[in-house]
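Spelled out from the first residue to the last, the chains are:
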Amino acid sequence: MPIFALVLIAATHAAARPAAPAPLRLEHVTVALPSREVLRVTLAAPAPAAALGAGMSAQRLSLAGVHIPLATPVDVTVEGGLTRADFDVRLADVPEGILALDPNRVPLLWEGLDRAGAPVLAVGGTVDLGDPGEVQLPLRDLSRAYTSVSDFAVTPGLSAVSVHALVGLFNPFSFDVVATRVELAVVVGSQRVLEVKRPGFRLRAGKQSDVLVDQDVPLADAAGGVAAFLKGESALLDGALVLRTPNGERAVPLHMRAGM
């Protein structure tokens, strides 16, 4: 068959395929945590002028080109002037490529597909995971699900304050994560009393890792907070888990409460 005939046939098939729909502008993302293994995500976008594309039988999601498997059937509704796409993500299915993403600028594209795999509805935009105006995260639930602290003790001495804590960190992914360090500030009441650090460690896939923080802090660095310790008040441990990624270090905020 002459080459020009092959080109003509290919062009005819391409012309027969409907063009992919322009994505609706992503307005807001809401995340819930039904369990520590699953995220429930809702994407909201202004409702399209026409009816929703019919015949959707599958869906796909990508973050900066990284394909994220979805765990539920297509669930799209129009309500209150918004199109909503709801789906679950099993965190064990998320690929390691997400570690390379910039959490402050994540291009997101969701597509509803017909039986032939062609997109009939799309929602897209770039989101900042740290902006509550764009992404609503259940921060308290996340903290309870993935972090804990036990065996917490602060013992003032003549020249130093001894800080001892066992910090539990759960890794819900199917790949190991390397932490270069954890940095924690002990806060009692409104007073930031002292700071501790723990050098690097590995968080094993699908498991909780217990990280021992055991450090003597010079009394002069305790910022006059020894009296608060002696009262036995509960403490907040605020800080960050610093992860190694292909694009450098990324800090994950930590917020934990511990009794003394």
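These figures come from a predicted structure and were not determined experimentally. (Residues numbered from 1 in each chain as written. Predicted model: local features only at pLDDT ≥ 70, side-chain atom pairs only at ≥ 80, totals over all residues. Heavy atoms only, no water.)

1. Observations regarding the overall build of the protein chain
Point 1. Scanning the protein chain from N- to C-terminus turns up three helices and 17 strands.
Point 2. Burial statistics for the protein chain: of 260 residues in total, 37% are counted as buried.
Point 3. Contacts in the protein chain between residues far apart in sequence, at least 24 positions, make up 64% of those at least 6 positions apart.
Point 4. For the protein chain, the exposed surface amounts to about 14,200 Å²; the carbon and sulfur share of it is 56%. (Helix = DSSP H or I, 4+ residues; strand = E, 2+ residues; numbered from the N terminus. Buried < 20%, exposed > 50% of the residue type's maximum accessible area, 1.4 Å probe, protein only. Contact = heavy atoms within 4.5 Å. Areas by Shrake-Rupley, 256 points an atom, 1.4 Å probe, with all protein chains shown as cover.)

2. A few points about the side chain of Asn171
Point 1. With respect to the helices and strands, the residue Asn171 is situated in the loop between strand E12 (160-170) and strand E13 (177-188).
Point 2. Assessed through its relative accessible area of 3%, Asn171 is described here as buried.
Point 3. With residues up to four places along the chain from it excluded, the contact list for Asn171 reads Asp176, Val177, Leu203, Arg204, Ala205, Gly206 and Lys207.

3. Quick notes on the side chain of Thr42
Point 1. Positionally, Thr42 belongs in strand E3 (residues 38-46).
Point 2. Filtering out sequence-adjacent residues up to four positions away, Thr42 remains in contact with His28, Val29, Thr30, Arg84, Ala85 and Asp86.

4. What to know about the pattern of salt bridges
Point 1. Following the criterion strictly, the structure yields 10 salt bridges and no others.
Point 2. Arg204 is paired through a salt bridge with Asp176; the nearest N and O atoms lie 2.7 Å apart. On the criterion of sequence distance, the pair formed by Arg204 in the loop between strand E14 (191-203) and strand E15 (208-218) and Asp176 in the loop between E12 and E13 is long-range, its members being 28 residues apart.
Point 3. Note on Asp176: relative accessible area 25%, which makes it partly exposed.
Point 4. Salt bridges sharing partners connect three or more residues here, namely Asp176, Arg202 and Arg204. (Salt bridge = Lys/Arg side-chain N within 4 Å of Asp/Glu carboxyl O.)

5. Quick word on the packing of aromatic side chains
Point 1. All told, the structure shown has two aromatic pairs when counted by the stated rule.
Point 2. When the centroid spacing of 5.2 Å and the interplanar angle of 10° are considered together, the rings of Phe173 and Phe175 count as stacked.
Point 3. On the accessibility criterion, Phe173 (19% relative accessible area) is buried.
Point 4. Above the face of the Phe170 ring, Arg36 is positioned so that its terminal group lies 3.6 Å from the ring centre. (Phe/Tyr/Trp six-rings, centres within 6.5 Å; stacked < 30°, edge-to-face > 60°. Lys NZ or Arg CZ within 6 Å of the ring centre and 35° of its normal.)

6. Concerning the pairing of strand E6 (residues 76-79)
Point 1. In this structure, E6 lies alongside strand E7 (residues 82-90), joined through four bridges in antiparallel fashion. Within the sheet, the bridge partner assigned to Glu79 lies in E7 and is Leu82.
Point 2. Counted between consecutive antiparallel strands, the loop separating E6 from E7 contains two residues, among which Gly80 sits at a positive phi close to 60°. (Pairing = 2+ DSSP bridges.)

7. Points about the sheet that holds E3
Point 1. Within the open sheet, the five strands sit side by side as E6-E7-E3-E2-E10. Their pairing is mixed. Pairing within the sheet leaves two strands with one partner each, and these edge strands are E6 and strand E10 (135-136).
Point 2. Bridge count between E3 and E7: nine bridges; the pairing is antiparallel. Among the inter-strand pairings, Val41 is bridged to a residue of E7, identified as Phe87.

Everything listed here is a matter of coordinates, which is why it stays silent on function.
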